[in-house]
Amino acid sequence: MQAGNMTYSTARDVPETVPVFPLSGALLLPGGQMPLNIFEPRYLEMIDAALRGDRVIGMIQPKFSGDTGKPEKPNLCAVGCLGRIASFAETGDGRYIVSLQGICRFRIAEELNGRLPFRQCRITPFVSDLDDGHEAECVDREELLRVFRAYLDANELEADWDSVKRAGNETLVNALCMMSPYGPAEKQALLEAPDLKSRAETLIALTEMALARDKDDSGRMLQ
């Protein structure tokens, strides 16, 4: 997996301990790009620390069901995604604009206690994510694009079809998942799908359910 100037090929290339950024509804996937507008002091310090080190942070959602913990320190989902800081800019008003490039998913092994203002976890990476494109041929691209077109038509949206045609299956699936308008539970399901084929199938199922729900709501409104 290439992210910025770094190639991640094995578990040894991935840090064992990473700062984590809990953000509800955010989905980063391997190879994907995520822009971040950082303004809270603790996360400004997190970015500073990452830039001094290996430039890697872990994006993860706070738990959204069961024991969610305290508002100031919510419990975390078990699985997140590592991202490398591929670009960084200061705004002049105290904020950072950061672009993360997804490396691989991870599972939290242990949250570490420390005096830093941001949270850190020891992690176990999903090593299979580091093998670019090995599952791409299993994706039903035709079905994925059929549902994507239906969603665009239903919402009167346009797409850059030239870019879609040029995108490989892995890039296409992960980009569509990251752009999808679904909630935290659905985003987590997409993240935790065991492989690319399952992720594409999950996205298709979620989109078809959303289309059916919208159609049903329209029917009730017309009656």
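Our subject is the structure listed above.
So, here's what we can say about the structure. (Residues numbered from 1 in each chain as written. Predicted model: local features only at pLDDT ≥ 70, side-chain atom pairs only at ≥ 80, totals over all residues. Heavy atoms only, no water.)

Glancing now at the pattern of salt bridges. A complete count under the given rule lists eight salt bridges for this structure. In this structure, Glu110 and Arg122 form a salt bridge, with 3.2 Å as the shortest nitrogen-oxygen distance. Note that Glu110 is positioned in strand 9 (residues 96-112) and Arg122 in strand 10 (residues 119-125), a separation of 12 residues in sequence. The class for Glu110 is partly exposed, based on a relative accessible area of 38%. Residue classification places Arg122 among the partly exposed residues on the basis of a relative accessible area of 35%. Close ionic contact of Arg119 with Glu111 constitutes a salt bridge, the shortest N to O distance being 2.7 Å. Arg119 gets classed as buried once you look at its relative accessible area, which sits at 13%. Among the residues examined, Glu111 registers a relative accessible area of 27% and is labelled partly exposed. Among the charged side chains, a network of salt bridges with common partners joins Glu143, Arg146 and Glu208. (Salt bridge = Lys/Arg side-chain N within 4 Å of Asp/Glu carboxyl O. Helix = DSSP H or I, 4+ residues; strand = E, 2+ residues; numbered from the N terminus. Buried < 20%, exposed > 50% of the residue type's maximum accessible area, 1.4 Å probe, protein only.)

Once that is clear, we can look at the side chain of Gln61. Turning to its location among the elements, Gln61 is positioned in the loop between strand 5 (56-60) and strand 6 (69-70). Among the polar contacts listed, one links the side chain of Gln61 to the backbone oxygen of Pro184, at a separation of 2.9 Å. Of note is the side chain of Gln61, whose polar atom sits 3.1 Å from the side chain of Gln188. Dropping the residues within four chain positions of it, Gln61 is found in contact with Leu23, Ser24, Gly25, Ala26, Leu76, Cys77, Pro184, Lys187 and Gln188. (Polar contact = N/O pair within 3.5 Å; in protein donor to acceptor, adjacent residues only side chain to side chain. Contact = heavy atoms within 4.5 Å.)

By themselves, these are just geometric observations and shouldn't be taken as functional.
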